[in-house]
Amino acid sequence: MAKTEASSLVGKLEALVEIKSSAGKFHHMVSGKPHHITKAAPGHIQGCELHEGEWGKVGTVVIWNYFHGKIESNDITNSRIDGEAKVAKERIEALEPEKNLITFRVLEGDMTKEYKSITFTIQVTPKQGGPGSIVHWLLEYEKISEEVAHPETLLQFCVEMSKGIDEYLLTEEVEIAPSVAF
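Residues numbered from 1 in each chain as written. Predicted model: local features only at pLDDT ≥ 70, side-chain atom pairs only at ≥ 80, totals over all residues. Heavy atoms only, no water.

Brief notes about the overall build of the chain
Convention followed: Each helix corresponds to a stretch of at least 4 residues labelled H or I by DSSP, and each strand to a stretch of at least 2 residues labelled E; elements are numbered beginning at the N terminus. Throughout this description, buried means an accessible area under 20% of the type-specific maximum (1.4 Å probe, protein chains only), exposed means over 50%, and partly exposed covers the range between. Two residues form a contact once any of their heavy atoms are found within 4.5 Å. Only the protein chains shown count as cover for residues, and the accessible areas themselves come from Shrake-Rupley with a 1.4 Å probe.
Each helix and strand in the chain was counted, giving 4 helices and 7 strands. Start at the N end of the chain and walk to the C end: the helices and strands fall as α-β-α-α-β-β-β-β-β-β-α. Every one of the 182 residues in the chain was classed for burial, and the buried ones make up 45%. A sequence separation of at least 24 residues applies to 55% of the contacts in the chain between residues at least 6 apart. Looking at the chain as shown, the accessible area adds up to about 9700 Å², and 50% of this sits on carbon and sulfur atoms.

Some remarks on the pattern of salt bridges
This is how it is decided: By salt bridge we mean one thing: a side-chain nitrogen of Lys or Arg within 4 Å of a carboxyl oxygen of Asp or Glu.
According to the stated counting rule, one finds 8 salt bridges in the structure shown. With a closest N to O distance of 3.0 Å, Lys 113 and Asp 110 form a salt bridge. A network of salt bridges, in which partner residues are shared, links Arg 91, Glu 93 and Arg 105.

Some thoughts on the environment of Ala 15
Residue position: Ala 15 is located in strand β1 (residues 10-19). Classification of Ala 15 by relative accessible area gives buried; the value is 13%. Spatially, the C-alpha atom of Ala 15 lies 8.8 Å from that of Cys 158, the residues being 143 residues apart in sequence. Every residue in contact with Ala 15, bar those within four places of it in the chain, is listed here: Val 135, His 136, Trp 137, Leu 155 and Val 159.

Details of unusual backbone geometry
If you check the backbone angles, Asn 100 has positive phi at about 50 degrees while not being a glycine. Here Asn 100 is to be found in the loop between β4 (80-96) and β5 (101-109).

Brief notes about the packing of aromatic side chains
Our working definition: Any Phe, Tyr or Trp ring, taking Trp's six-membered ring, that has another such ring centre within 6.5 Å forms a pair; planes under 30 degrees apart are called stacked, those over 60 apart edge-to-face, and the others tilted.
Under the defined criterion, the tally for this structure stands at 3 aromatic pairs. Considering the side-chain rings of Tyr 66 and Phe 157, the 5.7 Å spacing of their centres and the 65 degrees angle between planes classify their relative orientation as edge-to-face. Linking Tyr 66 in strand β3 (residues 61-71) with Phe 157 in helix α4 (residues 152-170), this pair joins segments that are 91 residues apart in sequence. Aromatic pair Tyr 115 and Tyr 141: ring centres 5.9 Å apart, planes at 75 degrees, arrangement edge-to-face. With Tyr 115 in strand β6 (residues 115-126) and Tyr 141 in strand β7 (residues 133-143), the pair connects residues that are 26 residues apart, well separated along the chain. Here Tyr 115 matches Tyr 141 in class, with each residue buried.

Section: the confidence of the model for the chain
Cut-off, in case you're wondering: pLDDT is a per-residue confidence score from the predictor, ranging from 0 to 100.
Looking at the chain, pLDDT values average 87 and 83% of them are 70 or higher. Within the model, the stretch residues 1-6 combines pLDDT values under 50 with 1 contact to residues more than four positions away or in other chains.

Have a look at this one:
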């Protein structure tokens, strides 16, 4: 049955990342100032350009230049070891500032060589009973064939990038004010 075949190509991956930054600050950087991620996680993101729309608005199209592969994680600059420069064109599909949630859908680029569709949902919630937050990453995808691996390395990329963003937000010279009071 075709439905059974298709379901083996469809999947979801999730990860939780504990950070020290506030949920609002982290969300604001990812949704309203993603071009600053090049400073926060230069080993992961080399460029983020506004292609269409406005930063932090549903429907906005962003072009990411990123480095995907094995990355040494003992240094916040994340030295490259084995990987390659890649590009992704993504549209903001959903944005809920009150929930610190944003969803990006990949439209074009290197990921579309392996996935018919792929979305990245990021939701940041304050930690219960203490400072800091939890970043919840959800990748939903459909592979183009059984030979394509599930995007575990992309999920790890997101986890590592979150840690770099957190460290950047904790530096004193950074002032990323959320547009909504948290």
